There are 2 protein chains.
Amino acid sequence: MDAQGRPLVIVSNRGPVSFRRADDGALVARRGGGGLVSGLAPLVADSGVVWIASALSEDDRAAAAEGSVQAEGFRLEFVLHDPDVLRMAYDVVGNAVLWFVHHGLFELARRPRFDRGFREAWAAFVTYNRSFADAVVAGAPADAVVLVQDYHLSLMAPMVVDRRPDLSLVHFAHTPFGGPELLNVLPDPYRRELLEGLAANAACGFHTDRWRRRFVASCEEFGVPAPPTFASSLAPDPEDLAGVADGPAAAEWRERFAQRFAGLQVIVRVDRIELSKNILRGFWAYEELLERWPEYRGTVCFMASVYPSREGLAEYLAYRQEIEHLVERINQRFGTATWTPIVLETADDFPRSVALLGRYDVLLVNPVSDGMNLVAKEGPLVNRHDGVLVLSTETGAWEELREVALGVHPCDVSATAEALAEALSLSAAERRARADRLVAAAGARTPRHWLHDQLAAVTSR
Amino acid sequence: MDAQGRPLVIVSNRGPVSFRRADDGALVARRGGGGLVSGLAPLVADSGVVWIASALSEDDRAAAAEGSVQAEGFRLEFVLHDPDVLRMAYDVVGNAVLWFVHHGLFELARRPRFDRGFREAWAAFVTYNRSFADAVVAGAPADAVVLVQDYHLSLMAPMVVDRRPDLSLVHFAHTPFGGPELLNVLPDPYRRELLEGLAANAACGFHTDRWRRRFVASCEEFGVPAPPTFASSLAPDPEDLAGVADGPAAAEWRERFAQRFAGLQVIVRVDRIELSKNILRGFWAYEELLERWPEYRGTVCFMASVYPSREGLAEYLAYRQEIEHLVERINQRFGTATWTPIVLETADDFPRSVALLGRYDVLLVNPVSDGMNLVAKEGPLVNRHDGVLVLSTETGAWEELREVALGVHPCDVSATAEALAEALSLSAAERRARADRLVAAAGARTPRHWLHDQLAAVTSR
């Protein structure tokens, strides 16, 4: 970490720790999850960094009421939001609109619907960003570099820069970014506010050059001067991963999986149940595989570890139900007394996921769009079976792994079935050679590189 | 019409006439509908032009069996397709995929699904295009200019050019065209075949420069050298329109509408029931209008003339049902014994539509995306009430009418409600002044200009 001696501030909705009241009434800090936190937190712990994040629970609010929080080596400043403001800003504007815009998920004949309810939600989104801006203005040390994480904070920069010209703000988008055609779905003034909000940062970063170019193209199309931009990919922390993989919980799962999948080739996916993850087409492709290559009936198992997410949004509940029905149908169609074609697991258990990633023969990562997709890198780093990666061309990870993965267009069900068949049929020698290159590519970068690039975007000028 | 003395060939799926067997068993030609045919047919009738089109019915096939058809002054060459090929090429690939791609209509979490069924349909699409290519190769006079109409024929040009280098092919797209982000939904090799198919024409034309730029951007993004391109908008034929408006059928409807809407301000829309037309949001906006401006309850009527289309596709049936339910709900919410807020008419009757366009106070044209939208020009040309046009910014027509219409983003329900309120509240003098400019802008071009531009694209070089 090198900010050339300048203090560092991190701003994100979810902080590095959350609080829970223990049985004795004391507030206990717990390390949070997610790629952002697990990537960044170890790097900046004990560095005196200021981390500004939303208080997301009553216990967080209680901790905040006791003043700024020292936890795991951070100075954590909680931002307190009115619960309705938080819900409208985060769920309605962030998750149900901006996420859909950047991933192109809307069914345009019906959604989005920018009505009075949305205007109110947008006002809440402005308020939410202003609360963060106020916390930065009040809490950032002089001359700090401020790393603003992700799209929920897209409007914050203009609310800071005039009041604290000493700060350098860097915004990093963890999603893909919508170019002119995707952003077109967002009417003015929302679209303009969004682009102007981002453009007020000293620099804007994206996981790949593809998303960076889309952002610049949107700025051009809609007449907003683009700020300096950079592309820098996030990667998993190999030590963190190895720690989990070598731990007792993963070992226990590994043992169970070894028994369960003895004699079978295993296709694995590990995902949130999220519209962008393309879980349905993954199963349709598997169904086509079993139709066209009967030799895989009874000799392959598809283990899908997909855990619920955003169940407050009706679309996500419906999507989960469709997944469950589809799995049931395929299992009824092809299953036998001794063989279940698809095993669906919906528990979110990281050691279990890591053990599963250790076991796959084929890892399927086929999102319709994905800013990066860390599973595509985590898998090769922990796999012990010379597993093959089948990877969507619409992920950020594809830009780094294209030479060593089997690429599929996410909508092409037949091509995905063929890629699975190819992966299952590779010889041991081919798998070995491919896996070595895959591990090298997936491990080429660490969170440290990514952090460095964000700092360099403003300190190397 | 000036092809500098070169013969002219027109190629389109739907021809200028279709056949029906009369009671005496004779095959009788009937003029076809649609903007393309009504725009082009009068210009080229009696000019000896060769028009190549699909035989779409058994009676068309019977007429074709009797040899090439002389009808209304054209030499009509019917292309005979296997009915399954026609259905897969036109309905599955054309209407259910390419139309959705260019208009951005997919709900990406579930559709499109490029599976074995689609591969078969694509093969039919290739066959369909080859049948047209064969007809052109066999039937086009030496040195002809060949005007290829619309996206169903995107693959034809490469199948012609080597065999008939004397011909100059001009492709015209009546849809919007998908730029890199929209075309991204289409996997290779389909995407590449599509772009290479278009690029083999001597020129490619689009209704607006916006779609033209998107096509060029897609060619660049996906590595296909772009052909010469041009933008040229289609417009309604004012004489044709005046003929209908002055006819007895329209006069009768006009009389009925005068009585029915006496004392009311009338909002009108005239559309196919088509996912891109944004009919639901139009009603949601009207509902918001009635909520926010109670003075329009009982004093306004929304007359929606929307007629069924593509009912072979499940999405279109579902969409029609949603429309009917929404209208019922709004009418139940706001209707009284003497006032019905929305009148829904689903009969496709051109004189009736023209009479309705004569009557509106406000014409709502709010598609989520539309290559041109001729209703936006037809309305002003036949309206007799100094009506105001509320127009989606995502139509081709917007590029020509932006100075004289009230623009709305199609997804912005609240802004649409506000535009309707503004339109309803304009003074008579404001409406008068605005209507004059609107008529001038809507009538600035005729089909003759459009035809001329297509010819000029290859004869002026």
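Residues numbered from 1 in each chain as written. Chains lettered and ligands numbered in written order. Predicted model: local features only at pLDDT ≥ 70, side-chain atom pairs only at ≥ 80, totals over all residues.

Describing the domain arrangement of chain A
All names here are of chain A. For chain A, the assigned domains are domain 1 (8-235 + 448-459) and domain 2 (238-442). Here the C-alpha centroids of domain 1 and domain 2 sit 30 Å apart. On the domain 2 side, the residues contacting the 20 residues of domain 1 number 16 residues. Counting residues per element, the ones that place at least two in the side of domain 1 that touches domain 2 are helix 1 (35-44), helix 3 (83-103) and helix 8 (209-221). When residues in the side of domain 1 that touches domain 2 are grouped by element, the largest group, four residues, is from helix 3. Here the residues of the side of domain 1 that touches domain 2 are counted per class, giving eight nonpolar, 10 polar and two charged. (Domains from an automatic or database assignment. Contact = placed C-beta atoms within 7 Å. Helix = DSSP H or I, 4+ residues; strand = E, 2+ residues; numbered from the N terminus. Nonpolar A, V, L, I, M, F, W, Y, C, P; charged D, E, K, R; others polar.)

Looking at the relation of the copies chain A and chain B
Superposing chain A onto chain B requires a rotation of 180° together with a translation of 0.0 Å along the rotation axis, leaving an RMSD of 0.0 Å. Expressed as a symmetry operation, the mapping of one chain copy onto the other fits a two-fold axis. The rotation axis passes nearest to the C-alpha of A:Glu107 in chain A, at a distance of 2.1 Å. Looking at chain A, 100% of its interface residues are interface residues in chain B too, so the copies touch through the same face. (Least-squares fit on C-alpha atoms with pLDDT ≥ 70 in both.)

As for the interface of chain A and chain B
Contacts between the two partners involve 30 residues from chain A and, on the opposite side, 30 residues from chain B. At the level of secondary structure, the elements contributing two or more residues to the side of chain A that touches chain B comprise helix 4 (116-139), helix 6 (180-183), helix 11 (279-292) and helix 16 (413-425) of chain A. Among the elements that make up the side of chain A that touches chain B, the one with the highest residue count is helix 11 of chain A (four residues). Per-class residue counts for the side of chain A that touches chain B are 16 nonpolar, four polar and 10 charged.

Some details on unusual backbone geometry
Residue and element names in this part refer to chain B. The amide bond that connects Arg111 to the next residue, Pro112, takes the cis arrangement and shows omega of 0°. The topology assignment puts Pro112 in the loop between helix 3 (83-103) and helix 4 (116-139). The residue after Asp188, namely Pro189, is reached through a cis peptide bond having omega 5°. Residue placement: Pro189 occurs in the loop between helix 6 (180-183) and helix 7 (190-199).

Section: the environment of A:Glu181
Looking at the element boundaries, A:Glu181 is found in helix 6. Take A:Glu181: there are 23 C-beta atoms within 10 Å of it, and that puts it in the buried class. For the pair A:Glu181 and A:Ala29, spaced 152 residues apart in the sequence, the C-alpha separation amounts to 43 Å. The residues contacting A:Glu181, other than those within four sequence positions of it, are B:Gly179, B:Glu181 and B:Leu182. (Buried ≥ 20, exposed ≤ 12 C-beta atoms within 10 Å, placed from the backbone.)

Remarks on the pairing of strand 11 (residues 265-272) of chain B
Residue and element names in this part refer to chain B. In terms of residue burial, strand 11 counts as a mostly covered element, since six of its eight residues are buried. Taken together, strand 11, helix 11 (residues 279-292) and strand 12 (residues 300-307) constitute a β-α-β crossover, and its handedness is right-handed. Direction of pairing for strand 11 relative to strand 14 (residues 362-365): parallel, over a ladder of two bridges. In the strand pairing of strand 14, Val268 is matched with Leu363. (Right-handed = clockwise from strand over helix to strand, strands pointing away. Pairing = 2+ DSSP bridges.)

Focus on the sheet that holds strand 15 (residues 388-392) of chain B
All names here are of chain B. The six strands lie next to each other as 13-12-11-14-15-16, forming an open sheet whose pairing is parallel. The strands lining the two open edges of the sheet, one partner per strand, are strand 13 (342-345) and strand 16 (406-408). On average, each strand axis in the sheet is inclined to that of its neighbour by 20°, with strand direction left out of account. Note that strand 14 and strand 15 share four bridges and pair parallel. Directly across from Leu363, in strand 15, lies its bridge partner Leu389. Strands strand 11, strand 14 and strand 15 of the sheet are contacted by helix 14 (residues 375-382), whose axis makes an angle of about 175° with strand 15. (Axes fitted to C-alpha atoms, helices over the stretch in contact; angles between N-to-C directions.)

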